[in-house]
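Descriptive analysis of the structure
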Protein chains: 2
Amino acid sequence: MAPTIYDIAREAKVGIGTVSRVFNNHPSVSDETRKRVMRVATRMNYHPHPLARGLAQRRTNAILVFVPFFTSFFFVEILEAVQSTLSEVDCDLILHGITHPDHAEISLRRNSFRGRVDGILFFSMRMPEEFAAEYAHLRVPVVLVDTHDDRFDSFSVQNVHGGMGATEHLIRQGHTRIGMLNASLDSPPARERLAGFRQAMRDARLPLREEWILSSPSGPLDGFTKQSGQALMKQLLSLPRHDRPSALVVSSDIQAIGALQELGQSGLRCPDDIAVTGFDDIEIAAHFNLTTIRQPMSEMGALAARRLLERMKDPEIPVVQKTFEPELIVRGTTAVPPVKSTRQSRRA
Amino acid sequence: MAPTIYDIAREAKVGIGTVSRVFNNHPSVSDETRKRVMRVATRMNYHPHPLARGLAQRRTNAILVFVPFFTSFFFVEILEAVQSTLSEVDCDLILHGITHPDHAEISLRRNSFRGRVDGILFFSMRMPEEFAAEYAHLRVPVVLVDTHDDRFDSFSVQNVHGGMGATEHLIRQGHTRIGMLNASLDSPPARERLAGFRQAMRDARLPLREEWILSSPSGPLDGFTKQSGQALMKQLLSLPRHDRPSALVVSSDIQAIGALQELGQSGLRCPDDIAVTGFDDIEIAAHFNLTTIRQPMSEMGALAARRLLERMKDPEIPVVQKTFEPELIVRGTTAVPPVKSTRQSRRA
DNA sequence: TAATTTTGTGGAAGCCCTTCCACGAAAACT
DNA sequence: AGTTTTCGTGGAAGGGCTTCCACAAAATTA
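Please read these numbers as outputs of a predicted model, since none were measured by experiment.

1. Some remarks on the overall build of chain A
Check the secondary structure of chain A and you find 13 helices and twelve strands. The C-alpha atoms of chain A give a radius of gyration of 26 Å, which is well past the 20 Å a tight globule of 348 residues would have. Along the first, second and third principal axes, the C-alpha set of chain A runs to 90 × 45 × 35 Å. Every one of the 348 residues in chain A was classed for burial, and the buried ones make up 53%. When contacts within chain A are restricted to residue pairs at least 6 apart in sequence, long-range pairs at least 24 apart make up 70% of them. As displayed, chain A offers around 15300 Å² of accessible surface, 52% of which is attributable to carbon and sulfur atoms.

2. Quick notes on the protein's contact with DNA strand C
Around DNA strand C, a shell composed of 31 residues is seen, among which A:Gly15, A:Thr18, A:Thr33, B:Ser20 and B:Asn24 lie nearest. Here the atoms of DNA strand C within 4 Å of the protein split so that 67% fall in sugar or phosphate, with bases taking the remainder. With respect to DNA strand C, the side chain of B:Tyr6 contributes an N or O atom lying 3.4 Å from a base nitrogen. Between a phosphate oxygen of DNA strand C and a main-chain N or O atom of B:His49, the distance comes to 3.3 Å. Of all the secondary-structure elements, those providing two or more residues to the surface near DNA strand C are α2 (16-23) and α4 (50-57) of chain A together with α1 (5-12), α2 (16-23) and α4 (50-57) of chain B.

3. What about the relation of the copies chain B and chain A?
The two copies are related by a screw motion: chain B maps onto chain A through a turn of 179 degrees and a shift of 0.3 Å along the axis, at an RMSD of 0.4 Å. A rotation of that kind, with that shift, is consistent with a two-fold axis. Taking C-alpha positions as the reference, the residue of chain B nearest the rotation axis is B:Ile94, at 2.1 Å.

4. Regarding the sheet that holds strand β7 (residues 213-215) of chain A
All names here are of chain A. With parallel pairing, four strands are arranged side by side in an open sheet as β7-β6-β8-β9. Strands at the two margins of the open sheet, each flanked by one partner only, are β7 and β9 (275-277). With strand direction ignored, the average angle separating the axes of adjacent strands in the sheet is 15 degrees. Strand direction decides the pairing type here: strand β6 (residues 178-182) and β7, joined by three bridges, are parallel.

5. Looking at the interface of chain B and chain A
Residue-level contacts link 55 residues of chain B with 54 residues of chain A. Inspection of the region where chain B meets chain A yields two salt bridges. Put simply, A:Arg116 and B:Asp92 hold a salt bridge, and the shortest N to O gap is 3.2 Å. When residues of the side of chain B that touches chain A are traced back to their parent elements, those giving at least two are α4, α5 (72-87), β2 (92-98), α6 (103-110), α11 (253-265) and α12 (283-287) of chain B. In terms of residue count, α5(B) provides more of the side of chain B that touches chain A than any other element does, eight residues in total.

6. Description of the protein's contact with DNA strand D
In the vicinity of DNA strand D lie 33 residues, with A:Ile5, A:Ser20, A:Tyr46, B:Gly15 and B:Thr33 positioned nearest. Among atoms of DNA strand D positioned within 4 Å of the protein, sugar and phosphate together represent 61%. Within the backbone of A:Ile5, a nitrogen or oxygen atom sits 2.6 Å from a phosphate oxygen of DNA strand D. At five residues, the largest contribution of residues to the surface near DNA strand D is made by α4(A). Its residues assigned to classes, the surface near DNA strand D comprises 14 nonpolar, 13 polar and six charged.

7. Side note on the environment of A:Thr291
Residue and element names in this part refer to chain A. As for its placement among the helices and strands, Thr-291 is situated in the loop between α12 (283-287) and β10 (292-294). By relative accessible area, Thr-291 is classed as buried at 0%. When the C-alpha atoms of Thr-291 and Ala-166 are compared, they prove to be 8.6 Å apart, with 125 residues separating the residues in sequence. Beyond its immediate stretch of four places on either side in the chain, Thr-291 contacts His-169, Val-276, Thr-277, Gly-278, Leu-328, Ile-329, Val-330, Arg-331, Gly-332, Thr-333 and Thr-334.

8. Quick look at the confidence of the model for chain A
The share of residues in chain A with pLDDT of 70 or more is 94%, and the mean pLDDT across the chain is 90. Within the model, the stretch residues 338-348 of chain A combines pLDDT values under 50 with 22 contacts to residues more than four positions away or in other chains.

9. Observations regarding a negative patch on the surface
On the surface, a cluster of negative charge is made up of A:Glu77, A:Glu80, A:Glu283, B:Glu77, B:Glu80 and B:Glu283. Of all elements in the fold, only α5 (72-87) of chain A together with α5 of chain B reach the threshold of two or more residues within the negative patch. The residue A:Glu77 is located in helix α5 in this model.

10. So, the domain arrangement of chain A
Segmenting chain A into domains produces domain 1 (5-48), domain 2 (60-157 + 297-324) and domain 3 (159-295 + 329-345). Computed from C-alpha atoms alone, the centre-to-centre distance between domain 1 of chain A and domain 3 of chain A is 63 Å.

11. Focus: the sheet that holds strand β7 (residues 213-215) of chain B
Residues and elements named next belong to chain B. Read from one edge to the other, the open sheet built from four strands follows the order β7-β6-β8-β9, with strand pairing classed as parallel. The sheet terminates laterally at β7 and β9 (275-277), the two strands that pair on one side only. The mean inter-strand angle of the sheet, taken between neighbouring strand axes irrespective of direction, is 15 degrees. Both strand β8 (residues 247-250) and β9 contribute to a ladder of three bridges, which runs parallel. Along β9, the bridge assignment pairs Val-249 with Thr-277. Along the sheet face, α11 touches β6 (178-182), β8 and β9 and points at about 160 degrees away from the line of β9.

12. Considering the pairing of strand β1 (residues 62-68) of chain B
Residues and elements named next belong to chain B. Counting buried residues in β1 gives seven out of seven residues, a clear majority hidden from the surface. Burial of the side chains of β1 extends over both faces: Ala-62, Leu-64, Phe-66 and Pro-68 are buried on one face and Ile-63, Val-65 and Val-67 on the other. Pairing of β1 with β2, which is carried by seven bridges, proceeds in the parallel orientation. Within β2, the position partnered with Leu-64 by the bridge is Ile-94. Here β1 runs beside strand β3 (residues 119-123); their pairing, made up of four bridges, is parallel. Paired with Val-65 across the two strands is Leu-121, which belongs to β3.

13. Regarding the packing of α2(A) against helix α3 (residues 31-44) of chain A
Residues and elements named next belong to chain A. Their axes nearest at 10 Å, the elements α2 and α3 cross at an angle of 90 degrees. In terms of orientation, α2 and α3 fall into the roughly perpendicular class. Each of Thr-18, Val-19, Val-22 and Phe-23 in α2 lies in contact with α3, whose residues at this interface are Thr-33, Arg-34, Val-37, Met-38 and Ala-41. Across the contact of α2 with α3, the residue classes break down as six nonpolar, two polar and one charged.

14. What to know about helix α3 (residues 31-44) of chain B
Residue and element names in this part refer to chain B. A rise of 1.5 Å per residue sets the reference length of α3, with its 14 residues, at 20 Å; its end C-alpha atoms lie 20 Å apart and thus fit the reference within 8%. Taken as a whole, α3 has its buried residues at Thr-33, Arg-34, Val-37, Val-40 and Ala-41. Along the long axis of α3, the arc covered by the buried residues comes to 135 degrees, so they all point the same way. Residues of α3 that are exposed and point more than 90 degrees away from the buried face comprise Asp-31, Glu-32, Lys-35, Arg-39, Thr-42 and Arg-43. On its buried face, α3 sits against α1 and α2. Phi for Asn-45, located one or two positions after α3, is positive at around 55 degrees.

Procedures and definitions
- Residues numbered from 1 in each chain as written.
- Chains lettered and ligands numbered in written order.
- Predicted model: local features only at pLDDT ≥ 70, side-chain atom pairs only at ≥ 80, totals over all residues.
- Heavy atoms only, no water.
- Helix = DSSP H or I, 4+ residues; strand = E, 2+ residues; numbered from the N terminus.
- Rg over C-alpha atoms; globule rule 2.2 N^0.38 Å.
- Buried < 20%, exposed > 50% of the residue type's maximum accessible area, 1.4 Å probe, protein only.
- Contact = heavy atoms within 4.5 Å.
- Areas by Shrake-Rupley, 256 points an atom, 1.4 Å probe, with all protein chains shown as cover.
- Near = heavy atom within 4 Å.
- Polar contact = N/O pair within 3.5 Å; in protein donor to acceptor, adjacent residues only side chain to side chain.
- Least-squares fit on C-alpha atoms with pLDDT ≥ 70 in both.
- Pairing = 2+ DSSP bridges.
- Axes fitted to C-alpha atoms, helices over the stretch in contact; angles between N-to-C directions.
- Salt bridge = Lys/Arg side-chain N within 4 Å of Asp/Glu carboxyl O.
- Nonpolar A, V, L, I, M, F, W, Y, C, P; charged D, E, K, R; others polar.
- pLDDT = per-residue confidence, 0-100.
- Patch = residues over 30% accessible without salt bridge, like charges linked within 9 Å, V, L, I, M, F, W, Y side chains within 5 Å.
- Lys, Arg positive; Asp, Glu negative; His and termini not counted.
- Charge placed at Lys NZ, Arg CZ, Asp CG, Glu CD.
- Domains from an automatic or database assignment.
- Parallel < 35°, antiparallel > 145°, perpendicular 65-115°, else oblique.
- Expected span 1.5 Å × (residues − 1).
- Arc of directions from axis to C-beta.

Now the structure itself:
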């Protein structure tokens, strides 16, 4: 069997405490002893048992990450950032990919209570109240990203500004007849993006045409789907030609892509007939040449992970709520009509 | 603090052994006692400590998954499949996303030795020999996916057949002047795909023009990158116009996309000037309308996870090497020139 | 030189479980 | 009736570590 600390102690002719101290970089071990222990440990291929260590130290060196699998696009980027931050402190990442928001609860219940992990990183979903209350009360280190709760640190993007930014961009392009295709209003981000849109329109004294402001019904993924985008666009195109907007703010890239497809199938062109903006800047947005609002997912992931580590060190630090400014990424779907964009040459 | 088994035993007026038995569904506990213990446990919100349990049972209920982040495209799909399989048995997934193949070694060294996990799932990378030997010797349950080693169970796609399939498809389309843009020959899959290409060409008695068979130099990701595809295409296009192939088998989608971009920038059209096939069927392949060879990643992930669980139950079961037949997905980049494909309408 | 402080070390106790052995009571047998 | 088997249970031992207290030896101070 694998050697234990006792084996090393015996071989190196020291006490077990000393071996432990060597492996924890405790200062009060003489250089000579330390070297001797290390030599024996290397020879015997000794590695401290993580579970035993965790049990004794009352920590696990692992955090639980809840990500929705269905937002597969940024989530890779996020995970990458999170992991690279965690690896600096040798902390494991236990992944719980949630395929349906309701599963989050089950997943939380089964895991996470006591000692399994030292902290939780929770992405893009609302944490069920039962757990939120429990965690807040027990001071379990929890950090939220792309979602919000007063009781926990949270990192999210300024959705209102994003909605405004997209709208203002279209206005600057000369559009005055602007509509919005939104996800379900059940989703806080969707509501915020809509608020930004309305605000920008009001600020520019442009008319808000309610029949141009369409939202998904509540449904899977709160309507952040290609199907939803396609359906909403179809609904919009049922309006008579002369009574359509010339530009649309869409509440997510994935919906925008659905909308673009519908547009294409109706023989309409983007941006010539209708300009479109997305939201998120997911990987394929660039390939669709989609103007969009970028969320700094990677940055948010890294900062959130770092924050979680701090909170694990000291659970009493005050809660912070940080918001990020989204960034407008201008591409072909909002090119000013007269100027021919270069996207024509970029096809496969 | 959180209640322990002792607290429950005291409250329920039973011994600790009994409490433990209740939580492990041990049969020899009377119904009455079981109920009483459960009632107390629920009231006190008791949950067994996973680390203590792991230490005592000598297992962790966790497996380590190594995935290359750089293949971000399928990896989401894989993880989803793996996790859904694991969740059936309440096993945790510790994720090690590798950003660079060399990191795998560091990651393996730090983790995985002894008790941290019960098994390892290793994707798409060659396992460093040092560990392979160690694991094989110690009978650590290891399952490989999209990579191969005689000492471990492995699940991978028939790359040779994939290469042949792509080539044969082009031949059926009427192409006779066919080349290949390959990743680095350091990579076994790259070599196998090339072998398939050569085989198909030989079978069809078509000439193999070595100057049309280009491979990436060894480098980052073994040349499975957009940059590599772009560079190889550029190199190919440096041939005089009349001396170019009319179709190219490319060893991965990501390279194919790079190649297509280069093609576009040179004012050439696909498939009219040069037809292209990819490999993998990553998410964006569909958006590029890329004909490709699909790997059943999700299926492989699920089967691999299941196999790992079996091996964890019984490490002595014989090693199996399963290969999957890849599937040809025909799209626009190999459309027969005369027939106008529908992809023209599908743009944004 | 004696008294004090510092340095390095050993190992018991404790972290929270599981598992096994022992044992009394009840049930099933002579 | 006594004897054997079964059932349900208690709790010690053990899993491999950390941490703290005690203590001897060495270094410092008076």
